[in-house]
Amino acid sequence: MATVNMCKTLLKGRILNLNVNVLEGEVRRRCVRVNKNVLFSSKPPPGGRERKVSWKFAMGSVGLGIAAGAGYAYYNIPSPQKTILNEGWNSKRLIIDKLPEFTPARKVTTPVDHTGLDLVLYQYPTCPFCCKVRAFLDYYGFSYSVIEVNPVLRQQMKWSEYKKVPILLAKVENGYQQMNDSSVIISALTTYLNDQHQNLTDILNFYPPVSFSEPDGKVKTEVMNRYFLMFQESLPPGRTNESLGEERKWRKWADDVLVHTLSPNVYRTLGESLQSFKWFSQVGEWERLFSSWECYLIVYVGALAMWIIGKRLKKRHNLKDDVRISLYDECNHWVRQLNKKGSRFMGGDSPNLADLAVYGVLSSIRGCAAFEDLLRNTKIGSWYGRMQEVVENHSGAYSYNLLYRGQAI
């Protein structure tokens, strides 16, 4: 009975690294010791043969228990992530012959656009990642068309294997180049602005997707270098490796930390969730673009669904019981870093991609109660106001043309 109990202990605890001498001593003490004379006598006591048989049986049982425990533990240890290189991937795979037949909700045309690019943005109007791309496009003065995607039915995305927004299509020689992932879009277009001798299709080859299996067996695809800018021979004027590294760090923070504080705040209560969706409907012009029943479905079903999802996101991202505090804390963290730099923007006298990323993420909740509370309870308003001014005035286009093209607009 003692042997059985001990084997159960080994199996239950998955004890794989026990010293054999310790095991042997434990088995001797529990299983075969009758008295001191039996254990240490050089002569076998009466019935010694039976005890010898019992001893062998006990050791065999323990060995079997160790083997079973080792096997159980081995097959229950989570498998390490396995990288799956997408061999043969080429950005030309993402070129489509013609534009999907959807009427743009609006066209943004700026007189300062000298890129020659014909761009179409598929988006939700208040998606943080879509707002991030729009902030970048507006700051640098790109002209582009907007396709509003129905966030429930998503008919406007049926043509694409990639089902997330934003998606940006750019006119190229053989059709339209599809660009996925907000950070990849921004990095690729910034690389293009720095060196327009390269075409977008070639630039996108610098951002290959890499798939890997997670411990639960699911396959996930990431662009590992999405925050990197690609330069041919030398860095652009005024940029250093240190400044580029800091910019990447804060862009990643906007995606991995700041953005996760938004949904639990915007959808904190059922009332706030409904108010937010009514605002989304207004800013996205859903009543003009979608049928009445679609609008009703998006607003009321969407508000209920996101209120429920917001609770799960709060737990998943370890936000505080009062989720407003988590939002304030992250924004105050950003403001402290700005104050430490002593500059108007994280990029210095003008915004960099980190400024545009944080501004874009926060602009997605403008018009919601959470945004008004944020302005009242933190000091981020001054920086946000400066960012809003330079983005709406396309200030990046002026600085870009002076710096890289040597001409004023």
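In case you missed it, the structure is sitting above this.
### Thoughts on the overall build of the chain
- Helix and strand counts for the chain stand at 17 helices and 9 strands.
- A burial count over the chain gives 44% of its 409 residues as buried.
- Taking all contacts inside the chain whose residues are at least 6 apart in sequence as the whole, residues at least 24 apart take part in 69%.
- For the chain, the exposed surface amounts to about 22500 Å²; the carbon and sulfur share of it is 53%.

### What to know about the environment of Asp355
- Of note, Asp355 is situated in helix 14 (residues 353-363).
- Residue class for Asp355 comes out buried when judged on its relative accessible area of 0%.
- Expressed as a C-alpha distance, the spacing of Asp355 and Trp383, which sit 28 residues apart in the sequence, is 9.4 Å.
- Not counting residues up to four positions away in its chain, the partners in contact with Asp355 are Trp334, Phe345, Met346, Gly347, Trp383 and Met387.
- Within polar-contact distance, the side chain of Asp355 engages the backbone nitrogen of Met346 at 2.9 Å.

### So, helix 13 (residues 323-341)
- For helix 13, spanning 19 residues, the distance from its first C-alpha to its last is 28 Å, which sits close to the expected 27 Å at 1.5 Å a residue.
- Burial in helix 13 covers these residues: Val323, Arg324, Ser326, Leu327, Tyr328, Cys331, Trp334, Val335 and Leu338.
- After helix 13 finishes, the residue Gly342 shows a positive phi value of roughly 70°.

### Describing the packing of aromatic side chains
- Applying the stated criterion to the full structure yields 13 aromatic pairs.
- An aromatic cluster is present here, built from Phe136, Tyr139, Tyr140 and Phe142 joined pairwise through their rings.
- Directly above the ring of Phe228 sits Arg248, whose terminal nitrogen or CZ lies 4.1 Å from the centroid.

### Regarding the packing of helix 10 (residues 270-283) against helix 12 (residues 292-316)
- Two numbers describe how helix 10 lies on helix 12: the axes approach to 9 Å, and their chain directions differ by 135°. When the axes of helix 10 and helix 12 are compared, the pair comes out oblique. For the pair helix 10 and helix 12, the sense of crossing is right-handed. On helix 12, the residues touching Leu270, Ser273, Leu274, Phe277, Lys278 and Ser281 of helix 10 are Ile298, Val299, Tyr300, Gly302, Ala303, Leu304, Met306 and Trp307.
- Grouping the amino acids of the contact of helix 10 with helix 12 by side-chain chemistry returns 10 nonpolar, 3 polar and 1 charged.

### Details of helix 12
- Between its first and last C-alpha, helix 12 extends 35 Å over 25 residues, near the 36 Å set by a 1.5 Å rise per residue.
- Every buried residue of helix 12 is accounted for by Glu294, Cys295, Ile298, Val299, Gly302, Ala303, Gly310 and Leu313.
- Of the surrounding secondary structure, the elements contacted by the buried residues of helix 12 are helix 9 (262-266), helix 10 and helix 11 (286-289).
- One or two positions beyond helix 12, positive phi appears at Asn318, with a value near 55°.

### Focus: empty space enclosed by the protein
- Counted by the stated rule, this structure contains 2 cavities of 30 Å³ or more.
- Taken as a whole, the second largest cavity spans an internal volume of roughly 40 Å³.
- Considering the residues around the second largest cavity, the lining is formed by Lys132, Ser183, Ile186, Tyr227, Arg251, Asp255, Leu353 and Ala357.
- Secondary-structure elements contributing two or more residues to the lining of the second largest cavity are helix 6 (182-194), helix 8 (241-256) and helix 14.
- Tallied by class, residues from the lining of the second largest cavity come to 4 nonpolar, 1 polar and 3 charged.

### Side note on the sheet that holds strand 4 (residues 119-123)
- Taken together, the 6 strands give an open sheet; going across it, the order is 2-7-6-4-5-3, and neighbouring strands pair in mixed fashion. Edge positions in the sheet fall to strand 2 (95-96) and strand 3 (106-108), since each of these pairs with one other strand and no more.
- As paired strands, strand 6 (residues 167-172) and strand 7 (residues 175-180) are joined by 6 bridges and run antiparallel to one another. Looking at strand 7, one finds that Ala170 is bridged to Gln177.
- The sheet contacts of helix 6 involve strand 6 and strand 7, and relative to strand 7 the element is tilted by about 120°.

### What about the pattern of salt bridges?
- By the definition in use, this model includes 14 salt bridges.
- Taking the shortest distance from any N to any O, the salt bridge between Asp181 and Arg226 comes out at 3.4 Å. In this pair, Asp181 is assigned in the loop between strand 7 and helix 6 and Arg226 in the loop between strand 9 (219-222) and helix 8, connecting sequence segments 45 residues apart.
- Since its relative accessible area comes to 15%, Arg226 is described here as buried.
- A salt bridge links Glu247 to Arg239; its shortest N-O distance comes to 3.3 Å.
- With a relative accessible area of 25%, Arg239 lands in the partly exposed category.
- Sharing partners across several salt bridges, the network here consists of Arg268, Glu272, Arg324, Asp373 and Arg376.

Parameters and conventions
Residues numbered from 1 in each chain as written. Predicted model: local features only at pLDDT ≥ 70, side-chain atom pairs only at ≥ 80, totals over all residues. Heavy atoms only, no water. Helix = DSSP H or I, 4+ residues; strand = E, 2+ residues; numbered from the N terminus. Buried < 20%, exposed > 50% of the residue type's maximum accessible area, 1.4 Å probe, protein only. Contact = heavy atoms within 4.5 Å. Areas by Shrake-Rupley, 256 points an atom, 1.4 Å probe, with all protein chains shown as cover. Polar contact = N/O pair within 3.5 Å; in protein donor to acceptor, adjacent residues only side chain to side chain. Expected span 1.5 Å × (residues − 1). Phe/Tyr/Trp six-rings, centres within 6.5 Å; stacked < 30°, edge-to-face > 60°. Lys NZ or Arg CZ within 6 Å of the ring centre and 35° of its normal. Axes fitted to C-alpha atoms, helices over the stretch in contact; angles between N-to-C directions. Parallel < 35°, antiparallel > 145°, perpendicular 65-115°, else oblique. Left-handed = near helix turned anticlockwise from the far one by under 90°. Nonpolar A, V, L, I, M, F, W, Y, C, P; charged D, E, K, R; others polar. 1 Å grid on protein atoms, 1.4 Å probe; cavity = no way out; pocket = protein on both sides within 12 Å on 5 of 7 lines; lining within 4 Å. Points joined across faces, edges and corners; volume = space filled by probe spheres on them. Pairing = 2+ DSSP bridges. Salt bridge = Lys/Arg side-chain N within 4 Å of Asp/Glu carboxyl O.

Taken by themselves, the reported measurements are silent on function.
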